[in-house]
Structure formats: structure tokens, C-alpha cells
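Listed here are the chains, written in short residue letters.
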Amino acid sequence: MTDTAPHKRKALQTPADLALLGAPPLFAVPRHVNRPHVPDKAAFDARINAAWERRWFTNDGPLVKELEQRLCEYLDVPHCVLMSNATAALDLTMKALGVKGEVILPAYTFISTANILHIAGLTPVFCDVDASMALDPAACAARIGPRTGAVVATHVWGSPCDIDALQEVCDAHDIPLLFDAAHAFGARHKAHRLGRFGRAEVFSLHATKAFHTCEGGLVTTCDSTLAKTLRRMRNFGFDPMGAVECAGLNAKMSEMHAAMGLGNLDQIDATRALAQDVHRAYARGLADLPGFILKLPPAAEENNHHYVVGRINAAEFGMDRDRLHAVLVAENVLARRYFRPGGHRCPPYIALTKAAGLELPQTDALCNDVLVLPGGAAADPADVALICALIRFAHDNAAAIAPPQG
Ligand code: T4K
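Note that the structure is a prediction, hence the values are computed from the model and not measured.

**Some thoughts on the side chain of Arg-232**
Part 1 of the argument: Along the polypeptide, Arg-232 turns up in helix α7 (residues 224-233).
Part 2 of the argument: A distance of 3.2 Å separates a polar atom in the side chain of Arg-232 from a polar atom in the side chain of Glu-245.
Part 3 of the argument: Residues contacting Arg-232, with those up to four places away along its chain left out, are Gly-237, Phe-238, Asp-239, Pro-240, Glu-245 and Cys-246.

**A few points about the nonpolar core**
Part 1 of the argument: In terms of nonpolar packing, the biggest core is built from 60 residues, with Leu-67, Leu-71, Tyr-108, Trp-157 and Phe-185 touching the most fellow members.
Part 2 of the argument: Broken down by element, this core gets its largest block of residues, 7 residues, from helix α2 (residues 62-75).
Part 3 of the argument: Lining this core are residues from two domains, each supplying at least three of them: domain 1 (15-32 + 268-335 + 374-401) and domain 2 (41-266).
Part 4 of the argument: Ignoring any residue separated from it by four or fewer positions in sequence, one finds Phe-185 in contact with Leu-71, Tyr-74, Leu-75, Phe-203, Phe-211, Leu-265, Ile-268 and Asn-304.
Part 5 of the argument: Membership of the second largest hydrophobic core comes to 32 residues, among which are Leu-26, Phe-27, Leu-328 and Leu-373.

**Section: the domain arrangement of the chain**
A common way to report how large an interface is uses the accessible area buried once the components associate.
Part 1 of the argument: In terms of domain boundaries, the chain breaks down into domain 1 (15-32 + 268-335 + 374-401) and domain 2 (41-266).
Part 2 of the argument: Between the C-alpha centres of domain 1 and domain 2 there is a distance of 31 Å.
Part 3 of the argument: Taken together, the contact pairs 12 residues of domain 1 with 21 residues of domain 2.
Part 4 of the argument: Roughly 1500 Å² of surface becomes buried between domain 1 and domain 2 when both sides are summed, with 50% attributable to carbon and sulfur atoms.
Part 5 of the argument: Taken together, the links from domain 1 to domain 2 amount to 2 salt bridges.
Part 6 of the argument: Between Glu-302 and Arg-188 there is a salt bridge, with its nearest N and O atoms 2.8 Å apart.
Part 7 of the argument: In this assembly, domain 1 and domain 2 are joined by 12 residue pairs in polar contact (both at pLDDT 80 or more).
Part 8 of the argument: Every element with two or more residues in the side of domain 1 that touches domain 2 is listed here: α9 (268-285) and β11 (308-312).
Part 9 of the argument: Class assignment of the residues belonging to the side of domain 1 that touches domain 2 gives a composition of 3 nonpolar, 4 polar and 5 charged.

**Observations concerning the pairing of β11**
Every other side chain in a regular strand lies on the same face of the sheet, so the side chains alternate between the two faces.
Part 1 of the argument: For β11, the tally of buried residues reaches 4 of 5 residues, placing the bulk of the element in the interior.
Part 2 of the argument: Pairing geometry for strand β10 (residues 292-294) and β11, over 3 bridges, is antiparallel. Of the residues in β11, the one forming a bridge with Leu-294 is Gly-310.
Part 3 of the argument: The sheet contact formed by β11 and strand β12 (residues 370-373) spans 4 bridges and is antiparallel. Of the residues in β12, the one forming a bridge with Val-309 is Val-372.

**Structural notes on the packing of aromatic side chains**
Part 1 of the argument: Inspection of every chain in the model, using the stated rule, returns 11 aromatic pairs.
Part 2 of the argument: Arranged with centres 5.2 Å apart and planes meeting at 75 degrees, the rings of Tyr-108 and Phe-339 form a pair that is edge-to-face. With Tyr-108 in the loop between β2 (102-106) and α4 (112-119) and Phe-339 in the loop between α11 (321-330) and α12 (349-356), this pair connects stretches of sequence that are 231 residues apart. Per residue, the accessibility class of Tyr-108 equals that of Phe-339, and both read buried.
Part 3 of the argument: Between Trp-157 and Tyr-338, the aromatic rings sit 6.2 Å apart at their centres with planes inclined by 50 degrees, giving tilted as the arrangement. With Trp-157 in the loop between β4 (148-154) and α6 (163-173) and Tyr-338 in the loop between α11 and α12, this pair connects stretches of sequence that are 181 residues apart.
Part 4 of the argument: Cluster of aromatic residues (ring-pair linked, three or more members): Tyr-108, Phe-110, Trp-157, Tyr-307, Tyr-338 and Phe-339.

**A closer look at the sheet that holds β10**
Part 1 of the argument: With antiparallel pairing, 3 strands are arranged side by side in an open sheet as β10-β11-β12. If you trace the sheet from one side to the other, it starts and ends with β10 and β12, each paired once. Taking each pair of neighbouring strands and ignoring which way they run, the sheet shows an average axis angle of 30 degrees.
Part 2 of the argument: Contacting β10, β11 and β12, α11 runs over the sheet at an angle of about 20 degrees to β12.

**Here we look at the pairing of β2**
Part 1 of the argument: β2 sits mainly inside the fold: 5 of its 5 residues count as buried.
Part 2 of the argument: On β2, burial covers both faces: Glu-102, Ile-104 and Pro-106 on one face and Val-103 and Leu-105 on the other are all buried.
Part 3 of the argument: Pairing geometry for β2 and strand β3 (residues 123-127), over 5 bridges, is parallel. Among the inter-strand pairings, Val-103 is bridged to a residue of β3, identified as Pro-124.
Part 4 of the argument: Between the parallel elements β2 and β3, the chain passes through α4 in a crossover that is right-handed.
Part 5 of the argument: Across 3 bridges, β2 lies against β4 in parallel orientation. For Ile-104, the partnering residue across the bridge sits in β4 and is Val-151.

**Description of the site of the ligand**
Part 1 of the argument: The environment of the ligand is formed by 22 residues, the closest being Thr-87, Asp-180, Ser-204, Arg-336 and Tyr-338.
Part 2 of the argument: Here Lys-209 contributes a side-chain N or O atom positioned 2.8 Å from a nitrogen atom of the ligand.
Part 3 of the argument: Side-chain polar atom of Tyr-338 to an oxygen atom of the ligand: 2.5 Å apart, as the coordinates give it.
Part 4 of the argument: Summarising the interface, the protein chains cover 75% of the accessible area of the ligand, which totals 910 Å² for the free molecule.
Part 5 of the argument: In terms of residue class, the shell around the ligand is made up of 6 nonpolar, 12 polar and 4 charged.

What counts as what
- Residues numbered from 1 in each chain as written.
- Predicted model: local features only at pLDDT ≥ 70, side-chain atom pairs only at ≥ 80, totals over all residues.
- Heavy atoms only, no water.
- Helix = DSSP H or I, 4+ residues; strand = E, 2+ residues; numbered from the N terminus.
- Polar contact = N/O pair within 3.5 Å; in protein donor to acceptor, adjacent residues only side chain to side chain.
- Contact = heavy atoms within 4.5 Å.
- Core = buried A, V, L, I, M, F, W, Y, C linked by side-chain atoms within 4.5 Å.
- Buried < 20%, exposed > 50% of the residue type's maximum accessible area, 1.4 Å probe, protein only.
- Domains from an automatic or database assignment.
- Buried area = accessible area lost by both parts, 1.4 Å probe.
- Salt bridge = Lys/Arg side-chain N within 4 Å of Asp/Glu carboxyl O.
- Nonpolar A, V, L, I, M, F, W, Y, C, P; charged D, E, K, R; others polar.
- Pairing = 2+ DSSP bridges.
- Phe/Tyr/Trp six-rings, centres within 6.5 Å; stacked < 30°, edge-to-face > 60°.
- Axes fitted to C-alpha atoms, helices over the stretch in contact; angles between N-to-C directions.
- Right-handed = clockwise from strand over helix to strand, strands pointing away.
- Near = heavy atom within 4 Å.
- Areas by Shrake-Rupley, 256 points an atom, 1.4 Å probe, with all protein chains shown as cover.

And the structure:
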């Protein structure tokens, strides 16, 4: 990262050296939790120039078609349908499958899922997660009722959720299972990359994702009828001859977005390797630090390493997650407390949660103790060393870093 400030490598000797207590920050330039990967500029320009010459900018253009084809190969799935974003993609997938009534989802996930269900007139049914941070199959089974229309499980932080157990639960009730794979591009479940599981998987290709098109979404499926319907629905319901075949939206991807995706896909293996280096540097830097539990994917799991996620045990670390977050942010390390306070505690859903007396203790615990650190393209091993030293310093001096009054 570019950072020429003279105080960049300030020595941390006493608590007074912390920016939270008035010293200059460790980083003059903020370290974001995520930074978009940028592809080779010349290759990107060449694709944009070709689109420019063609004057074909959207509506299923050649770059979108090429990206869909290459994604089918990379993910080893028969159908890839690109969309404008994952939120629209999930909405259309639900509509294409005719989902009605209630939809079970984890409370510990990005709020977009609950929101699009709500806006579509479906009822989000929040469910607790398990130790993996993903939807708990047993809790999911317990929440299935006569009005359940679908289950949407998130492969949170890039790790596949318990796909087999969830599929068993949904099969037993003949309910479609969908996966929100927004975090998990490139991850594998057993022999296969994610993309072919459930009725469909929905990836976000937002700029902050491991593989991105600036804004974008992707539905992957083995179901050719569903894929065909989604192609119509992303383009107002038109069939290739221009006749309206069904209701639809404008959820198309432009050629400019596809050019970014093609460039990023060219470099996806190198991007992943860099993210893995960063993740490993954190694992070394935070090893044996009491109370900071870094979430590391099992060695056999082909994770994209895009997210560096830790849980803070306040009693062992010496301060709670929110105080450590304040220490980091003051130093320009813009760590994030995803996904607090949990979907079930956000408006408008909180009213239902309260009325039903819904208790989701695992979700609440994660919302209180998860901290996401700069990872992937947002950090390099040199930054990571400084960030880890800062976290260790906070632990070692926890007693002196007093909590705010009141
Ligand atoms: N399901 C899950 C599990 C998701 O995480 C998401 C999206 C979705 C579904 C929905 O997918 P989409 O409909 O968006 O395709 C960000 C993203 O906006 C959002 O897409 C994402 N999840 C979510 C987890 O993160 P914020 O509010 O945290 O974004 P923001 O603007 O604070 O950016 C995060 C960091 O990235 C910042 O530190 C700044 C940095 N950044 C961001 C952008 C946009 C950059 O450096 N450059 C950039 O261009 O939601």
C-alpha cells in the first residue's frame, strides 16, 4: 500500500502512543476492510475499446456472453446467468421458482437478503447459525412449517455451509434450497466448486467481492429451465424474438461490467494466492494471542481467503470487540463489525422478533464479537505485520486503555 507518512512506523511503547489516546495514527492512508482487485489495465482497455468500436454496450452483448461461458468453465456448472447485482438476482430466482410465503434465512448475513424477501412480499424467517457461523441445519429444520416456501443459506465468509445436511432437510419437506454464495467465489465443496448446489446459487460480483465486475450478480444452476427463465426475467421478460414471455425486470449486466469481470477472471488464481498470503500472515501474527480467535478455513477447503475474520473473547483478550474496533479505527485500520446487530434486530424485522420472543443466541454472540480485518487486495503482508503488532499491543495494554465513560 502507498503510505508515505513519517509516523507510519511509529513505535508503540506506551498506551499514550495510541491514536485513540491522542497520538497520530499508525497509517496516514486508511486501510479498508476490502479493496477492489484491479485487472491488467491494458487488457481491460482493449476490451472496452472493442465494445466502443462495436457500440454494443448492454443487452446480452458479446463480453457478457464470453464471461458467462468462461464462468461455466471455471465453476464447472452448466448455466451461469449474469445480472446487475446479487440482490436483483435473488429476487428473480425466487420469482422464477414461484416461491411464496415464508423463507428461512440465517440472521447472521448481509441485510440485503431479508430486505429483498420483504420487498417481494415474502416473509423472512430468521434462523440461528452454528459454530461455523452459517445456517444451522437443525435450527432450520425446526423453523420449517406449512408456509415455508424456500430456504436461503449463506456460504458466509467464503466457507461452504453444511450443504448436505441442509439439502436433506429441504428434500424431506420438498422445499427449494438456494445458496447465497456472495462471499464464496471459487470455494469448493468436496470435488466441486460452489455453483452447482441446491436449486441455484447466487453470487455477488460487487466491487468488494473476491471476484467482481464493479457491480454485478450471478446465478449458477444445473437447471436449464430455470436458467432460461432467468435470462428472460433479467430482460423485462422478453424472449430472443422480442415477445414478452413472462414478467421481468431490468437486471442486465453491461459490457463495461463484463470487461472488468473478464479481466479479473484472467487473474483469479493470482488474486487468490495473494489473499492466501495475507491470511497466512495474519495467522502467524496473531498466533497464540489470548482471546483473538482467527477464523481459518480447514486446510482441505479451497477458500478464496478474501475475508479475515476474528472473534474476540473479551475476558481473555482484556477488552471487548467494540473497544478493540475503536483502537483500530483510530489508527486508520477500518475493521468492520459485520453483520451487527443481526437481521432479526434490524427494522422492520425487529418488531416481529420482539412479538415472537425470538431468541437467536449464536447470531447475537457473533454480532457482539466478530471483527473483520483488512484482507485480500486491501492489505499486504507488511501492513498485516503492523496491524497484528497493534492488536497485540492493545491486548498487552488492555488495562490501561480504559473504556469510554458513560
Ligand atoms: N449476500 C451477502 C452475504 C452479501 O455480503 C452481499 C453484499 C449480498 C448478498 C448482496 O450483494 P449485491 O446485491 O451487493 O451484489 C458492502 C457491499 O456494498 C455489499 O455488496 C456487500 N455484500 C457487503 C458485505 O459489503 P458495505 O456497506 O460494507 O460497503 P462499503 O461501501 O462500506 O465498502 C466496504 C469496504 O470496501 C470499505 O472499507 C471501502 C471499500 N471499498 C468499497 C467500494 C464500493 C473500496 O475500497 N472501493 C469501492 O469501490 O457493503
